[in-house]
Amino acid sequence: MSPIGSFNDKKTRLKKKIVFRPLNDQGFNEMGNKLCSFDWAQVLSLETADSQMEAFQNNLFSMFSESFPMKTKIVFNESQEFFTDKLVMLKRKKKSEFKKHRRSDKYLSLHQTYKAELRKAKQDHYKKKICILRTSNPKMWHKALKKVMCGDDHKDVIEVESIKDLPDTEQVELIAEKFAEVANLYEPLDRTRISVPDFEEKDVPVIGTNEVKEILENMNVNKACRRTDVPAKIFKTFANFLCGPLTTIINNCIKSGVWPDYLKHEIVTPVKKVPQPKEIDDLRNISGLMMVNKIMEKVTCKMIVSDMKDHMDPTQFGNKKGVSIQHYLVKMMDRIISALDKNSKGEAVAVISTMIDWRQAFPRQCPTLAIKSFIRNGVRPALIPILMSFFENRRMSVKWRDAMSVTKRLKGGGPQGSTKGVLSYMSQSNNNTDCVPEDDRYKYFDDATVLEVVNLLNVGLSSYRVKDSVPSHIPAHNQFIDSKNLKTQNYLNKISEWTDQNLMALNAKKTKSMVFNFSNNYQFTTDILLKNERIEIVQQAKLLGLILTSDLKWDENTNYLVKDANKRMIMLRAAAKFTKDKQVLKQIYYSRIRCKLEQSAAVWSTSLTQKNITDLERVQKAAVRLINGKPYESYSETLKQLGIMRLSERREVICLKFAKSCLRLENYKKLFPMHVSKHEMDTRHGEKYQINKSNGKRYSNSAIPKMLRLLNKESREQKQNLNKLKKNIVTNKLCLY
């Protein structure tokens, strides 16, 4: 497809037929009338909850398909709503003149006219069709704006190098077999091996109509759904009509312990793991689930999360309210840098970080072990029957381009895209790193990082015997630590045993180690083994979107952010051709570009070099120039006019906001200890929070000490403002007398 915001004159004109259902006002009125007159009693009178849910879906889809009939539309690959007939004619004349006389005066004149008309057409289209959506429907405004600027670039066809020469019908079967292969490594759920705790009928949870109504009203209408399913917008619009029968059916499902069988058929869409897939293993399977399935999951998963809350590993950062990957990274980096700070006192300390990877973590789940883990982690017994039903009799079909595979039976695994699949993995892997102390392990769903602080003076550092063999992995310093002397090796052995017991698989090739060592005389390497394979020791790794290097500098991470942000600048340039409204361009800059420049800023913002700061600020300078247009005076003045903060100032605000969010979380309050005064005097510059003593600049300039100083600064300012207010009150009282 053509670049964003431009048209390629050499592109072949292709014709395409699109079938769709327009969700118009007439259809909503017609469906509202149908729902008003429909009697759900005939559905609720059916014997089983399974048949009730299937009848509910069939009746609802029937009403939907009658109210919103299918329509067809023929489009061309160059079609855009603003591309008028006049532009088509000018484009043809320009091309014809170029073929005859190349860059003649007539061609140049036509080219200038074409550019002017194209610019005018874009701006007129934005004013008439898109601008009004900015206040009335911001989501649709952004979607429409992105569509006219990006075209259909996001719909590029995925090709797998090893099977691209085969017909689509053969490709889809090979992909389906590969996806089903992992899940079918396991035996089907065996109820005889599961001991469900006893429970009474009163223990069965009953869902209220208001709870279901709230879920329907908060559904994300921008999520795609199957062509044979009812979209989320219908559930959201008619929540008042649907919440009643749906609540009754969901309660019947929970009471009878049945997950409706027709909801267990997944339509899987393969997506790329890497930019250019070479093998089928480079594809990730994403399950497309029915909307009713998602509603039932929201109801039941809320109870499951609540039940498991007190049993979950405190070092698991995923699926916790108010906790993000930044909390994971900040806490881990503080542990590493504070340990290395001891080197400044004359000690010799290094930190070994091991980033563990499990192969195909979510599909590789034994359903029987999953249910056992739910029981072990405190899920109420009344929910266990419906959870067992969820993992039974699962089926899958793969949709690849216009081809659909035959239905495959799935014995094990969890559907990717399903909340229960994620919770199942979190429950099973809850104790996978229990052999590691809490301060030295960090988990985010299936990502786990294990740390070891090594005292280099007594760990057994020795020279490698190069006379016996010439090694390829020993650096010039020729110093080596036997892995038997490291706790990391013991950790990995126990994690490997846990993995085998839980029928999962470790990926030794993707598991990496990184050594943080700033001593001059005690540099070393080691051979840490996992499944009898030596783990590669790397100098750089990407962890949860952050480029981490062994020298703890942020040059590579900054270069990555700047490069990605500059790619996104293309959208801002395209938007500037449609509108000169500075507020609109600012909004696009904030949502598309600045958010990238501030990705995980709480982790690295305090340790940037001046070059890093300049490189990041340069991207905003270019964006500000585009937003402001001509005339452009200076960067500082333009920032004031537009009301945009410098990125350096923004990062300080982000750090302070992050520190305040940590104070609200019990597990992170210990990172921000309160200052305990040895006297009761109220000093002018007293500190509210205790700042950890640092022996070197690296730790002093790291995230946590900087955040503590920001919190103390804000506390002092609040205290000063309070004192001024008190003085003003006293002065005013004296004036009255």
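Residues numbered from 1 in each chain as written. Predicted model: local features only at pLDDT ≥ 70, side-chain atom pairs only at ≥ 80, totals over all residues. Heavy atoms only, no water.

A. Expanded view of the overall build of the protein chain. Looking only at helices and strands, the protein chain features 25 helices and 19 strands. Along the longest, intermediate and shortest principal axes, the C-alpha atoms of the protein chain span 90 × 80 × 75 Å. The burial tally for the protein chain puts 46% of its 737 residues in the buried class. Sequence separation of 24 or more characterises 77% of the internal contacts of the protein chain that already satisfy a separation of 6 or more. Accessible area for the protein chain stands at about 39,300 Å²; split by element, carbon and sulfur atoms hold 49% of it. The distance from the centre of the 128 positive side-chain charges to the centre of the 83 negative ones in the protein chain is 8 Å. (Helix = DSSP H or I, 4+ residues; strand = E, 2+ residues; numbered from the N terminus. Buried < 20%, exposed > 50% of the residue type's maximum accessible area, 1.4 Å probe, protein only. Contact = heavy atoms within 4.5 Å. Areas by Shrake-Rupley, 256 points an atom, 1.4 Å probe, with all protein chains shown as cover. Lys, Arg positive; Asp, Glu negative; His and termini not counted. Charge placed at Lys NZ, Arg CZ, Asp CG, Glu CD.)

B. Up close: the packing of aromatic side chains. Tallying each qualifying case throughout the model produces 17 aromatic pairs. Ring centres of Phe 98 and Tyr 107 lie 5.2 Å apart, and the angle between their planes is 50°; this geometry places the pair in the tilted category. On the accessibility criterion, Tyr 107 (10% relative accessible area) is buried. Consider the rings of Phe 317 and Tyr 328, whose centres lie 5.4 Å apart with planes at 65°: the pair is edge-to-face. Separated by 11 residues along the polypeptide, Phe 317 in the loop between helix 12 (291-308) and helix 13 (325-340) and Tyr 328 in helix 13 bring together distant segments of the chain. Residue class for Tyr 328 comes out buried when judged on its relative accessible area of 0%. (Phe/Tyr/Trp six-rings, centres within 6.5 Å; stacked < 30°, edge-to-face > 60°.)

C. Representation of the packing of helix 4 (residues 85-101) against helix 5 (residues 105-130) in the model. With their axes 9 Å apart at the nearest point, helix 4 and helix 5 run at an angle of 155° to one another. In terms of orientation, helix 4 and helix 5 fall into the roughly antiparallel class. Considering the relative orientation of helix 4 and helix 5, their crossing is left-handed. Of helix 5, the residues touching helix 4 (which contributes Lys 86, Leu 87, Leu 90, Lys 91, Lys 93, Lys 94, Glu 97 and Phe 98) are Lys 106, Tyr 107, Leu 110, His 111, Thr 113, Tyr 114, Glu 117, Leu 118 and Ala 121. Of the residues contributing to the contact of helix 4 with helix 5, the split by class is eight nonpolar, two polar and seven charged. (Axes fitted to C-alpha atoms, helices over the stretch in contact; angles between N-to-C directions. Parallel < 35°, antiparallel > 145°, perpendicular 65-115°, else oblique. Left-handed = near helix turned anticlockwise from the far one by under 90°. Nonpolar A, V, L, I, M, F, W, Y, C, P; charged D, E, K, R; others polar.)

D. Region of the structure containing the pairing of strand 10 (residues 447-455). Sheet analysis places strand 5 (residues 349-357) next to strand 10, joined by nine bridges and oriented antiparallel. Looking at strand 10, one finds that Val 349 is bridged to Asn 455. As judged from the four bridges shared by strand 9 (residues 441-444) and strand 10, these two strands associate in the antiparallel manner. Pairing of Tyr 444 across the sheet is with Asp 447, part of strand 10. Linking strand 9 to strand 10, which pair antiparallel, is a turn of two residues; within it Phe 445 sits at a positive phi near 55°. (Pairing = 2+ DSSP bridges.)

E. Molecular detail of a nonpolar patch on the surface. Together, Leu 722, Leu 725 and Ile 729 give the surface a local cluster of nonpolar side chains, amounting to about 270 Å² of exposed area. Here Leu 722 is to be found in helix 25 (residues 703-736). (Patch = residues over 30% accessible without salt bridge, like charges linked within 9 Å, V, L, I, M, F, W, Y side chains within 5 Å. Salt bridge = Lys/Arg side-chain N within 4 Å of Asp/Glu carboxyl O.)

F. Structural view of the pattern of salt bridges. Applying the stated criterion across every chain yields a total of 27 salt bridges. When the shortest N-O distance is used, the salt bridge between Lys 178 and Asp 281 registers 3.7 Å. In this pair, Lys 178 is assigned in helix 8 (residues 168-183) and Asp 281 in the loop between strand 3 (265-272) and strand 4 (283-288), connecting sequence segments 103 residues apart. The partner of Asp 261 in a salt bridge is Arg 395, with the nearest N and O atoms 3.7 Å apart. Taken together, the positions of Asp 261 in the loop between helix 11 (239-256) and strand 3 and Arg 395 in strand 6 (residues 394-400) put the pair 134 residues apart, joining distant regions of the chain.

G. Fine view of the sheet that holds strand 5. Overall, mixed pairing links the five strands, which are arranged 9-10-5-13-17 in an open sheet. Sheet topology places strand 9 and strand 17 (536-537) at the edges, where each strand pairs with a single neighbour. Where strand 5 meets strand 13 (residues 512-516), five bridges bridge the pair, whose relative direction is antiparallel. Across the sheet, residue Ile 352 finds its bridge partner in strand 13, namely Val 515. Sheet strands in contact with helix 13 are strand 5, strand 9, strand 10 and strand 13, and its direction is about 10° off that of strand 10.

H. Representation of unusual backbone geometry. Across the junction of Lys 630 and Pro 631, the peptide omega takes the value 0°, indicating a cis bond. As for its placement among the helices and strands, Pro 631 is situated in the loop between helix 21 (610-628) and helix 22 (635-642). In this structure, Leu 544 takes a positive phi of about 50° despite not being glycine. With respect to the secondary-structure elements, Leu 544 resides in the loop between strand 18 (540-543) and strand 19 (546-549).

I. Summary view of the nonpolar core. If you look at the biggest cluster of nonpolar residues, it comprises 85 residues, and the most contacted ones within it are Met 332, Met 333, Leu 572, Trp 604 and Phe 672. A per-element tally of this core places helix 13 first, with nine residues. In this view, Met 333 contacts Leu 548, Leu 552, Trp 554 and Val 603; residues no more than four positions away in its chain are not counted. Listed in part, the 62 residues of the second largest apolar core include Phe 28, Ala 55, Ala 232 and Ile 386. (Core = buried A, V, L, I, M, F, W, Y, C linked by side-chain atoms within 4.5 Å.)

J. Broad picture of helix 3 (residues 49-67). With 19 residues, helix 3 extends 27 Å between its outermost C-alpha atoms, agreeing within 8% with the 27 Å of an ideal straight helix rising 1.5 Å per residue. Three or more residues of helix 3 are buried, namely Ala 49, Gln 52, Met 53, Ala 55, Phe 56, Gln 57, Leu 60, Met 63, Phe 64 and Ser 67. The elements touched by buried residues of helix 3 are helix 1 (25-37), helix 2 (41-44), helix 10 (232-237), helix 11 and helix 12. (Expected span 1.5 Å × (residues − 1).)

K. View of the confidence of the model for the protein chain. In this model, the protein chain carries a mean pLDDT of 86, and residues with pLDDT of at least 70 account for 91%. Low pLDDT (under 50) marks residues 1-13, which in the prediction has 35 contacts with non-local residues, meaning those over four places away or in another chain. (pLDDT = per-residue confidence, 0-100.)

L. Region of the structure containing the side chain of Ser 397. Its place among the elements puts Ser 397 in strand 6. The class for Ser 397 is buried, based on a relative accessible area of 3%. Within polar-contact distance, the side chain of Ser 397 engages the side chain of His 265 at 2.9 Å. At 3.3 Å, the side chain of Ser 397 and the side chain of Thr 407 are in polar contact. Setting aside residues up to four positions removed in sequence, Ser 397 forms contacts with His 265, Glu 266, Ile 267, Val 268, Met 404, Ser 405, Val 406 and Thr 407. (Polar contact = N/O pair within 3.5 Å; in protein donor to acceptor, adjacent residues only side chain to side chain.)

M. Region of the structure containing the packing of helix 18 (residues 555-578) against helix 19 (residues 582-597). In the contact formed by helix 18 and helix 19, the axes pass within 8 Å of each other and the chain directions differ by 165°. Taken together, the axis directions place helix 18 and helix 19 in an arrangement best described as roughly antiparallel. As helix 18 packs across helix 19, the resulting crossing turns out to be right-handed. Taking contact as the criterion, the partners of Tyr 560, Leu 561, Asp 564, Ala 565, Arg 568, Met 569, Met 571, Leu 572, Ala 575 and Ala 576 in helix 18 are, on helix 19, Leu 585, Ile 588, Tyr 589, Arg 592, Ile 593, Cys 595, Lys 596 and Leu 597. Residues of the contact of helix 18 with helix 19, tallied by class, amount to 14 nonpolar, no polar and four charged.

N. How the structure looks around the pairing of strand 4. What you see with strand 4 is a clean split: Leu 283, Asn 285 and Ser 287 sit on the buried side and Arg 284, Ile 286 and Gly 288 on the side with no burial. Of the strand pairs in this sheet, strand 3 and strand 4 are connected by six bridges, and their pairing is antiparallel. What sits directly across from Lys 272, in strand 4, is Leu 283.

O. How the structure looks around a positive patch on the surface. Residues Lys 273, Arg 284, Arg 359, Lys 509 and Lys 510 make up a contiguous surface patch of positive charge. Position of Lys 510 relative to the elements: it lies in the loop between helix 17 (487-501) and strand 13.

P. Fine view of the sheet that holds strand 14 (residues 525-526). Here we have three strands laid out as an open sheet, ordered 11-12-14, and mixed in their pairing. Every interior strand has two partners, whereas the edge strands, strand 11 (461-463) and strand 14, have only one. Pairing of strand 11 with strand 12 (residues 479-481) involves three bridges; the strand directions are antiparallel. From the neighbouring strand, Leu 461 faces strand 12, where its bridge partner is Ile 481.

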